[in-house]
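Here is how the chains run, residue by residue.
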Amino acid sequence: MTIKSRFKVLDNRLGVKASFLPIGVTIAGNPERLAFILHRITGIILVGFIAAHIISTNTLAREGWEAWIEEVRNLEGLNPISLLFIIAMGALSFHSINGIRLIMVEFLSLWIGRPEKPKPPYDPPSLKSFQRKAIYATFILALIAWVAIIYVMLIW
Amino acid sequence: MMSMVRPGYLSLIQYVSAIILIFLISWHLILRFPPLHGVESFIDTMKPEILYEEITVYGVLLVLLLVAAVFHGVNGIRSMLLEWSSNKYWTLIVNLLAIIVFLVLIVVGIHTVLYVTPP
Amino acid sequence: MPIDLKAVTRKPPETVRFYVKRFDPETGRVWWQVYEVKTYRGMTILDALLKIKSEIDHSLSFRYSCRMGVCGSCGVVVNGEPRLACQTQVAEKATVSKPEIRVEPLYNFIVLRDLITDFTEFFEKHRRIKPYIIRRDLGEREKPTLEYSQSPEELSQYYEYSLCIMCGLCDASCPVYASDKLFLGPQALAQAYRFIADTRDEMWALRLEELDKEGSTYKCHFAASCSYVCPKVVDPAAAIQRLRSILFKYKLRLYRKKVSNVVPPMEVKAKPTPLPPEATVIENVSLEKLEEEKPLIPIDKLIE
Ligand code: SF4
Ligand code: FES
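This is a predicted model, so every value here is computed, not measured.

Draft legend 1. Local environment of the sheet that holds strand 2 (residues 29-38) of chain C. Residues and elements named next belong to chain C. Pairing is mixed across the open sheet formed by 5 strands, whose spatial order is 2-1-5-3-4. Edge positions in the sheet fall to strand 2 and strand 4 (81-84), since each has one partner strand and no second. Neighbour-to-neighbour, the strand axes of this sheet turn through a mean angle of 30°, independent of strand direction. One ladder, built from 10 bridges, connects strand 1 (residues 15-24) with strand 2; its direction is antiparallel.

Draft legend 2. Fine view of the packing of helix 2 (residues 31-57) of chain A against helix 5 (residues 80-107) of chain A. Residues and elements named next belong to chain A. Where helix 2 contacts helix 5, the axes come no closer than 8 Å and their chain directions differ by 130°. What the angle tells us is that helix 2 and helix 5 run oblique. Viewed along their axes, helix 2 and helix 5 form a crossing whose handedness is left-handed. Two secondary-structure elements touch here, helix 2 through Glu 32, Ala 35, Leu 38, His 39, Thr 42, Gly 43, Ile 45, Leu 46 and Phe 49 and helix 5 through Phe 85, Ala 88, Met 89, Ala 91, Leu 92, Phe 94, His 95, Asn 98, Gly 99, Arg 101 and Leu 102.

Draft legend 3. Main features of the domain arrangement of chain C. Residues and elements named next belong to chain C. In terms of domains, chain C is made up of domain 1 (5-117) and domain 2 (120-251). Between the C-alpha centres of domain 1 and domain 2 there is a distance of 30 Å. Counting residues at the interface gives 13 residues for domain 1, matched by 16 residues for domain 2. Interface of domain 1 and domain 2: buried area, both sides summed, is about 1,100 Å²; carbon and sulfur atoms make up 62% of it. Its largest share of buried area at the contact with domain 2, domain 1 owes to Pro 82, Asn 108 and Phe 109, together 46% of the area lost on that side. Remark: the boundary between domain 1 and domain 2 carries 0 salt bridges. Counting across the domain 1 and domain 2 interface gives 3 residue pairs in polar contact (both at pLDDT 80 or more).

Draft legend 4. Local environment of the state of the cysteines. All names here are of chain C. All chains considered together, the criterion is met by 0 disulfides over all chains. Cysteine Cys 226 remains unbridged, with the sulfur of Cys 170 as its closest cysteine sulfur at 6.4 Å. Residue Cys 226 is classed as buried on the basis of its relative accessible area, which comes to 8%.

Draft legend 5. Looking closely at the confidence of the model for chain C. Residue and element names in this part refer to chain C. Summarising the model, chain C shows a mean pLDDT of 87, and 95% of its residues fall at 70 or more. Confidence scores differ between elements of chain C, with helix 13 (residues 266-269) showing the lowest mean pLDDT of 66 and helix 2 (residues 45-56) the highest of 95. This prediction of the complex comes with two scores: 0.88 for pTM and 0.89 for ipTM.

Draft legend 6. Highlighting the packing of aromatic side chains. Summed over all chains, the structure comprises 20 aromatic pairs over all chains. Here Phe107(A) and Phe248(C) contribute two aromatic rings whose centre-to-centre distance is 5.4 Å and whose plane-to-plane angle is 55°, an arrangement assigned as tilted. Remark: Phe248(C) occurs in helix 12 (residues 236-251) and Phe107(A) occurs in helix 5; the pair is interchain, linking two chains. The exposure class assigned to Phe248(C) is buried, which follows from its relative accessible area of 3%. Judged by centre distance (6.3 Å) and plane angle (85°), the rings of Phe71(B) and Phe102(B) are edge-to-face. Note that Phe71(B) is positioned in helix 4 (residues 59-84) and Phe102(B) in helix 5 (residues 88-114), a separation of 31 residues in sequence. Neither Phe71(B) nor Phe102(B) differs from the other in exposure class; each is buried. Pairwise contacts between aromatic rings join Phe107(A), Tyr15(B), Tyr218(C) and Phe248(C) into one cluster. One cation-aromatic arrangement involves Lys251(C) over Tyr9(B); the distance from NZ or CZ to the ring centre is 3.9 Å.

Rules used throughout
Residues numbered from 1 in each chain as written. Chains lettered and ligands numbered in written order. Predicted model: local features only at pLDDT ≥ 70, side-chain atom pairs only at ≥ 80, totals over all residues. Heavy atoms only, no water. Pairing = 2+ DSSP bridges. Helix = DSSP H or I, 4+ residues; strand = E, 2+ residues; numbered from the N terminus. Axes fitted to C-alpha atoms, helices over the stretch in contact; angles between N-to-C directions. Parallel < 35°, antiparallel > 145°, perpendicular 65-115°, else oblique. Left-handed = near helix turned anticlockwise from the far one by under 90°. Contact = heavy atoms within 4.5 Å. Domains from an automatic or database assignment. Buried area = accessible area lost by both parts, 1.4 Å probe. Salt bridge = Lys/Arg side-chain N within 4 Å of Asp/Glu carboxyl O. Polar contact = N/O pair within 3.5 Å; in protein donor to acceptor, adjacent residues only side chain to side chain. Disulfide = S-S within 2.5 Å. Buried < 20%, exposed > 50% of the residue type's maximum accessible area, 1.4 Å probe, protein only. pLDDT = per-residue confidence, 0-100. Phe/Tyr/Trp six-rings, centres within 6.5 Å; stacked < 30°, edge-to-face > 60°. Lys NZ or Arg CZ within 6 Å of the ring centre and 35° of its normal.

Structure below.
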């Protein structure tokens, strides 16, 4: 008889909820985790948007320009469809600007500092290098880009 | 089969398509800026004459944008779903669905570019 | 994890209430148990747990060994953050307005009893990346006659990553490790980079092939929680990003690694130290000959 069959064990895996909640860390100390969560959520939103966008622009090949003009009218003013469009644009601005940071960090391994000997106050190099400033810049720039898109869409 | 391809290449294409997308999406958005076409509002930039010219002249770029965006999106969701379970059937279903969604969206998008009629 | 020096040196509240998440392997029952502990200045969570065990409840089980942050066996979750129990002050977590501390077993591990978690999977994943130096020259590796040359700059490329004590806190905080059973985890990947970056190692290609599979390096998305919780500032997040860009270079056949040569030990190459100028040399006496000559009194006689 193995130990596992005689005694019960408890699986303490957090599962999917760790992908959407900052469990185990604080956002103030680890904004990368917030960026990770938002990147996932905006990515899911954007896949939905891209599918809808491809299918809706297909109208002009399927049904001609009359139907297309009808469809574009949906984006005029504030209504449920233009609201969804605005949310997708917000997701797009965050996902793309954070994406630039991720390309630099993950693809080219830049902006994460160089390895160093630990010394007080024991901040890991990757959490105090340029990448950290880039996160705060990402949040600000994404907000600016979103406001600019909304301005052009609704007020111009 | 997507599962046959070494994940390294898929992941590499994921990042390369991200780099392509950053440029193409900025271009795609800037084209909807009203003063560029000398029109009044955002809605007017999607007039049939403007759009027809755009699709016929920049068709190749639009298709590249389509392929990059759909690959990036579908592969992103696929790898996220594969993370959540390592069951054999789940992996198979997710991979098959990813291929189907990828192909369907590409076909629909290319159809738009090829079969657009003059206004 | 950056340490708040002010909070660490503060005096903790008189008594602190400990909520410990407990698990009984025989019945499978999970419950929170409350203990009131009298504190003193400088008390760590581990001290408090030991005090509970010796004075209040002998059945409470947890794992520890060195009590000074070296062995890495006392990882627990304190107030929702993975921590070494022996490196966390009670004063840091309990305030006068809220003298409570929640202690749980590590997330993402299998719990055997109370705060004890099973590290089999963790060590298995660590073993998968071959955490040792591999040279082509097997004879030289097993019975070394020469030394590997390595400059201080080359050492500094991986020194930080070699400080890992395998406490498992990084895996407990990783959002991908939480759901993906195939993911190797920050600890194993950081160690893989440590050996690939080491110039003495020659079998980097073997390791890179292992890491190129589904569910290895590519699953990391830089949430950097591992670097944030690591008690030894190993910075696994940065190691994994470097590993990934090496992997991409390797896939495109652009990766070249500098491997250090074997050199004779320093003592062999070094010239003998010259005698000081004030030393007088006795003529007609050669030192080498003196050494060869038999001593006047035989050695076995001397021993008697
Ligand atoms: S990398 Fe840090 S947190 Fe992870 S096991 Fe090693 S010492 Fe612990
Ligand atoms: S008891 Fe050894 S690290 Fe805490």
